[in-house]
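Per-entry structural report
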Amino acid sequence: MDSLNMIAGTGFIGLVIILLILIAVIGYFVPFRLWITAWASGAYVGLLTLVAMRLRRVPPHSIIKARISAVKAGLSIPLDELESHFLAGGNVVDVVNAIISADKANIELTFNRAAAIDLAGRNVLDAVQMSVLPKVIQTPRNAAVAQDGIQLIGVARVTVRTNLDRLVGGAGEETIIARVGEGMVSAIGSAPNHKDVLERPDSISKRILANGLDSGTAYEILSIDIADIDVGKNIGAALQIEQANADKQIAQAKAEERRAMAVALEQEMRAKVVEAESEVPRAMADAFRAGRIYGTPA
């Protein structure tokens, strides 16, 4: 009797365990709470659709959250597009939030464009926020030399906003910084006098803006402001001093060369004189032997 009771008790516990596992499996594949939340939020999704998402390994919570946000914002985004974007490796919630932010700011941004930006590796939400609230980029210290030889060191602040049309495939902040630095060097280098630049630093900004530096980039330059200009070294004077030292060394080398040639010529002439002097006794001896020279009478 005790054995039968034990077997019956074990069977009941096993049945309970199986029932709990079955409830857990059904609760996982059939998210009733999420289905009720979507229905109560006005973004109704069929219960079978949620089950199909589970079978396709699509997290229903992320998709339904994004759908509820879109519906509350008055946007109509098909559920299939949300699922497709997630399966492609995109961030559905960020894309929907970016579209909502763009819609509130009267910026035209379709789901396909936002999805393309997200799949390209850009943060589409940050891009929309930067389009609404421009960003200030500060360049490093750029040194250039005016035509009078004075070095100027300047720092610029560039105000940019995102260009959503060129965000995919457009160059980044590094290109903007490099182009602005190049423009500063060119503008300062073309100035006849460094004092003109110090008096009118806005001339640098105007010249840089006129070059269309934002072409091919993911940004639109709104303004370029020269934050600081410092006077550096007198490069012209330094170059003249170096040139004078170089000319001096060249002149000294040429003088040393001429001196060495003069010494060599002097030694050559002395050798010829010695050689000529040595010929005199020989000539006299030859004259004596030939009888051309006679001895003096005693």
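Structural data are supplied above this passage.
Computed from a prediction, not measured in an experiment: that's the story for all the values here. (Residues numbered from 1 in each chain as written. Predicted model: local features only at pLDDT ≥ 70, side-chain atom pairs only at ≥ 80, totals over all residues. Heavy atoms only, no water.)

What follows concerns the overall build of the chain. From N to C terminus, the chain includes twelve helices and four strands. Sorting the 298 residues of the chain into buried and exposed places 31% on the buried side. Across the chain, contacts joining residues at least 24 apart in sequence account for 67% of those joining residues at least 6 apart. Working note: accessible area of the chain is about 18,900 Å², and carbon and sulfur atoms make up 58% of it. (Helix = DSSP H or I, 4+ residues; strand = E, 2+ residues; numbered from the N terminus. Buried < 20%, exposed > 50% of the residue type's maximum accessible area, 1.4 Å probe, protein only. Contact = heavy atoms within 4.5 Å. Areas by Shrake-Rupley, 256 points an atom, 1.4 Å probe, with all protein chains shown as cover.)

Side chains that carry opposite charge are capable of pairing whenever their charged atoms lie near each other. This model, assessed by the stated rule, comprises six salt bridges. Close ionic contact of Glu-173 with Lys-135 constitutes a salt bridge, the shortest N to O distance being 2.5 Å. With Glu-173 in helix 9 (residues 173-189) and Lys-135 in strand 1 (residues 135-138), this pair connects stretches of sequence that are 38 residues apart. Here Arg-259 ties to Glu-256 by a salt bridge, and the two come within 2.8 Å at their closest N and O atoms. Of this pair, Arg-259 and Glu-256 both sit in helix 12 (residues 235-290), three residues apart, roughly one helical turn. (Salt bridge = Lys/Arg side-chain N within 4 Å of Asp/Glu carboxyl O.)

Further remarks concern the packing of helix 9 against helix 11 (residues 202-209). It is the contact of helix 9 with helix 11, at a shortest axis distance of 9 Å, that shows an interaxial angle of 125 degrees. As summarised for this structure, helix 9 and helix 11 are arranged oblique, according to the angle between their axes. Where helix 9 crosses over helix 11, the handedness of that crossing is right-handed. Facing Val-180, Gly-183, Met-184, Ser-186, Ala-187 and Ile-188 of helix 9, the residues of helix 11 in contact are Ile-204, Arg-207 and Ile-208. (Axes fitted to C-alpha atoms, helices over the stretch in contact; angles between N-to-C directions. Parallel < 35°, antiparallel > 145°, perpendicular 65-115°, else oblique. Left-handed = near helix turned anticlockwise from the far one by under 90°.)

With that settled, the discussion passes to the pairing of strand 2 (residues 142-145). Every regular strand shows the same layout, with side chains that alternate between the two sheet faces. The side-chain alternation of strand 2 yields one buried face, formed by Asn-142 and Ala-144, and one unburied face, formed by Ala-143 and Val-145. Connecting strand 2 to the antiparallel partner strand 3 (residues 150-162) that follows it, the hairpin turn spans four residues, and Gly-149 within it adopts a positive phi of roughly 90 degrees. (Pairing = 2+ DSSP bridges.)

What follows deals with the packing of helix 3 (residues 47-55) against helix 4 (residues 60-72). At a closest axis distance of 9 Å, the pairing of helix 3 and helix 4 adopts a crossing angle of 130 degrees. On the basis of their axis angle, the class for helix 3 and helix 4 is oblique. Listed contacts from helix 4 to Leu-50, Met-53 and Arg-54 of helix 3 are Pro-60, Ile-63 and Ile-64.

When helix 3 is considered as a whole, its buried residues turn out to be Leu-50, Val-51 and Met-53. For helix 3, the arc enclosing every buried residue in end-on projection is 155 degrees, short of the 170-degree limit, so these residues lie on one face. Of the exposed residues in helix 3, those oriented more than 90 degrees away from the buried face are Leu-48 and Leu-55. Of the residues flanking the end of helix 3, it is Arg-57, one or two places downstream, whose phi is positive at about 60 degrees. (Arc of directions from axis to C-beta.)

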